[in-house]
Amino acid sequence: MNMQRAKVFAWAVVAAAAGATAALFLSKEQSASPIDVVFWIALLLGAELLPVSLGFQTQVTMSFPITLAAAIVFRRDPGIAMLIGGLGAFDIREVRHEIPVWHALFNRAQLMLAVGAAAVTVGTLGLGLAGVLAAAAVHFLVNLGLVAVWVNRLRGVSVETALRSLFPRPVGGFLVAQVILGGLGAATAIAYGEIGFFVAVFLLPLLFARLSILGARAQQELGERVRMQQRALLEATEKVFQERENERKRVAEDIHDSSLQMLAAAAYGCGNAGAFIDAGRIDAARDAIDAAREAIDDAIKGLRESLVDLRKSSVEEGGLVETIRNYAHQLSTLWGAEVQIEGAVRREPPIPVALAAFQILQEGLVNALKHSDGSAVIVKIDDVDNMVHIVVEDDGPGFDPNSEVGKDHVGMRLMKERAARVGGRIDIDSRPGRGTRLEAVLPGGLA
C-alpha cells in the first residue's frame, strides 16, 4: 500500500516537472544557445559521475553548486535550467537497474523543480546577494521537501520525522557546507558570465580537488566505522549466543516445573478416575477427570508459550522473515488478535543482527498487542541500502514518547540496547490518540 502511494506521488511530481518545463518553454522564445545548454549538461554530468563514497551506499557529489549556477545563468530561461537539471542528473543505479523507472524519473523531476524554482526566484529578485541567497534556499527546500514527502508516502512516517532523517549529522556543519557550496555556485555563474566556457578550466580542477579531499577523509572515517562495527558484531555474537543458551535453560526449567508437572498430575488423576469407576464412585471419577482435563489444558497452554519462546533460537534455520511470520501466528493465536505481516528481505542479515531484530520485534509486538484495543497490528519488513527495517504499527491509544518512556520502561530500554549493540537504532512515532509506530533500523551486514 505504501509503495503504491509512493509511486502515485512520484508520477505526480514527474508530471508536474514535465508540465512546468513545457509551459516555461512555450511562454517565451528561448535565448540560450544549444552549445550553452550542452556545456552545462556535460558539466553537471561530470559532477554526478565523480561521487565520493561515504560508505553504506551514501554518496556526495557537487551537483548542488552546479545546478544553482545553471539556475542563475539561465534565470531568464527557467525552462532551460530545468532541462539541464533533468538531462544532467545521473544515478549509476539507473544503469545497473537497481531502481525502477518511476524512482529514477522522480529523482530527476524533483531536481528539475528545484532548479526551476531557483531560476524563477533569482530572476524575480535580481542578481544580488538577496536574490542568490533566496534562490539557494528555494533550491534546497524544494528538493528536500519533495524527498521528505516521498519518504512519508513510502515509509508511512510523518513528514517531520522524514525531514529529521534526511539531515546529515551534525546539522550545523551540513548547513554551513551548503552555504559554502551555494557561494561556489554563485561564483561559478558569475565567472561563466565573464569568461564563458573557460570557467571549466577553473571549476573542474576544483571539483577533483574537493572530491579527493572528501574521498580521503571518507575512507578514513569508513575504515574506523567498519572496525567499530566488527568489534560490535563480535561482542554481540558472544552475548547473543550466551542469551540463547540461558533462554534454552529457562525454557527447559519452565517445561519441567510446569507442563510436565501438570501432565503428571493429569495422569495421576486419570488413574484415580479409573479406580473410582471400578469402585462405583461415579461422581468422584467425574471430578478426577475434570481435574485431569484442566491440568492437561494448562500444560498445553504452557507448552505453547514455551514453543513461542523457542522461536528465538530458530532464526538461523528458517530465516528472519519466516521466523517472524511463525512467531506472529503463534502470538495472534494466544492473544486472539490479528497480526498482519508485510514485506520481505532480499538478503539475510548476519545471525547476531537477525536475532537482535527478532528480539526487538518480540518486545514491540507484545507491547502493540497489549495496547491495540483488539485492532489489527501491522508488521512491515524490508531491507534498503544494506539496512534492515522492521516496523510495528498499531491503532491503540498512543502515548507521548518524551514523557512516558523513561528509565523505568525496561522493555524500551532493552530494545534500544539490542539495537545499539549491533550498530542500529530504534525510532518511535506516537501521539496520544493516534496509535504508535516503532521502527528498528539495523545494519544488514558490513559495508
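Everything here concerns the structure above.
Cut-off values and rules
- Residues numbered from 1 in each chain as written.
- Predicted model: local features only at pLDDT ≥ 70, side-chain atom pairs only at ≥ 80, totals over all residues.
- Heavy atoms only, no water.
- Helix = DSSP H or I, 4+ residues; strand = E, 2+ residues; numbered from the N terminus.
- Buried < 20%, exposed > 50% of the residue type's maximum accessible area, 1.4 Å probe, protein only.
- Contact = heavy atoms within 4.5 Å.
- Areas by Shrake-Rupley, 256 points an atom, 1.4 Å probe, with all protein chains shown as cover.
- Pairing = 2+ DSSP bridges.
- Axes fitted to C-alpha atoms, helices over the stretch in contact; angles between N-to-C directions.
- Core = buried A, V, L, I, M, F, W, Y, C linked by side-chain atoms within 4.5 Å.
- Salt bridge = Lys/Arg side-chain N within 4 Å of Asp/Glu carboxyl O.
- Parallel < 35°, antiparallel > 145°, perpendicular 65-115°, else oblique.
- Left-handed = near helix turned anticlockwise from the far one by under 90°.
- Nonpolar A, V, L, I, M, F, W, Y, C, P; charged D, E, K, R; others polar.
- Phe/Tyr/Trp six-rings, centres within 6.5 Å; stacked < 30°, edge-to-face > 60°.
- Patch = residues over 30% accessible without salt bridge, like charges linked within 9 Å, V, L, I, M, F, W, Y side chains within 5 Å.

Right, let's get into the overall build of the chain. Assigned secondary structure in the chain consists of 16 helices and seven strands. A total of 447 residues make up the chain; the buried ones form 42% of that total. Here the contacts in the chain between residues at least 6 apart in sequence split such that 71% fall between residues at least 24 apart. Here the chain has roughly 23200 Å² of accessible surface; of this, 60% comes from carbon and sulfur atoms.

Spatial ordering of the open sheet is given by β3-β4-β5-β7-β6, a layout of five strands whose pairing is mixed. Looking at the sheet topology across the chains shown, the edges are occupied by β3 (339-343) and β6 (425-430). Sheet twist, expressed as the mean angle between neighbouring strand axes with direction ignored, is 15°. When strand β5 (residues 387-394) meets strand β7 (residues 436-443), the two strands line up antiparallel, connected through eight bridges. Bridge assignment links E393 to a residue of β7, and that residue is R437.

Turning to the environment of G433, a few remarks are in order. Relative to the helices and strands, G433 resides in the loop between β6 and β7. Looking at G433, the relative accessible area reads 64%, which means it is exposed. Expressed as a C-alpha distance, the spacing of G433 and F399, which sit 34 residues apart in the sequence, is 7.5 Å.

Moving on, we get to the nonpolar core. L320, I324, L361, L365, V379, I381 and I390 are the most contacted members of the largest nonpolar core, which totals 34 residues. Breaking this core down by element, the ones donating at least two residues are α13 (320-335), β3, α14 (351-371), β4 (377-384), β5, α16 (410-421) and β7. Per-element accounting of this core gives the leading share, ten residues, to α14. Counting 30 residues, the second-largest nonpolar core is a separate cluster that includes F39, L44, I84 and A118.

Turning to the pairing of β7, a few remarks are in order. Taken residue by residue, a regular strand's side chains alternate between the two faces of the sheet. For β7, a buried count of eight out of eight residues is recorded, marking the element as mostly surrounded by other parts of the structure. Across the two faces of β7 the burial is the same, with T436, L438, A440 and L442 and R437, E439, V441 and P443 all buried. Both β6 and β7 contribute to a ladder of six bridges, which runs antiparallel. Residue pairing in the sheet places D429 in a bridge with R437 of β7. From the end of β6 to the start of β7, which pair antiparallel, there are five residues, and G433 there has a positive phi angle of about 85°.

What follows covers the pattern of salt bridges. Counting across every chain of the model gives eight salt bridges. Residue E393 is joined to R437 by a salt bridge in which the shortest nitrogen-to-oxygen separation is 3.2 Å. One end of the pair, E393, is in strand β5; the other, R437, is in strand β7, and 44 residues separate them in sequence. The class of E393 is buried, set by a relative accessible area of 17%. Among the ionic pairs, R425 bridges to D427, the shortest N-O distance being 3.0 Å. Residues joined in a network through salt bridges with shared partners are K380, E393, R437 and E439.

The element helix α4 (residues 78-88) is largely enclosed, with a buried count of nine among its eleven residues. All buried positions along α4 are accounted for by P78, G79, I80, A81, M82, I84, G85, G86 and G88.

Examined against the element boundaries, A16 turns out to sit in helix α1 (residues 2-27). Residue class for A16 comes out partly exposed when judged on its relative accessible area of 39%. Sequence-wise, A16 and M112 are 96 residues apart; in three dimensions their C-alpha atoms are separated by 9.8 Å.

Another point: the packing of α4 against helix α6 (residues 101-125). Contact geometry for α4 and α6: axes closest at 8 Å, N-to-C directions at 150°. What the angle tells us is that α4 and α6 run roughly antiparallel. Here the hand of the crossing between α4 and α6 comes out right-handed. Contact residues: α4 offers P78, A81, M82, G85, G86 and L87, while α6 offers R108, L111, M112, L113, V115, G116, A119 and V120. Tallied by class, the residues present in the contact of α4 with α6 amount to ten nonpolar, three polar and one charged.

In this section: the packing of aromatic side chains. Applying the stated criterion across every chain, the model contains three aromatic pairs. A centroid spacing of 6.1 Å and a plane angle of 55° characterise the contact between F9 and F106, whose relative ring orientation is tilted. In this pair, F9 sits in helix α1 while F106 sits in helix α6, placing the two residues 97 residues apart along the sequence. With respect to burial, F9 and F106 carry one shared label: buried. Taken together, the aromatic side chains of F9, W102, F106 and W150 make up a single cluster linked through ring pairs.

There is a patch of nonpolar side chains on the surface, built from L260, L263, I296, I300 and L303 and spanning about 370 Å² of accessible area. Those elements that place two or more of their residues in the nonpolar patch are α10 (199-278) and α11 (282-310). In terms of residue count, the dominant contributor to the nonpolar patch is α11 (three residues). The residue I296 is located in helix α11 in this model.

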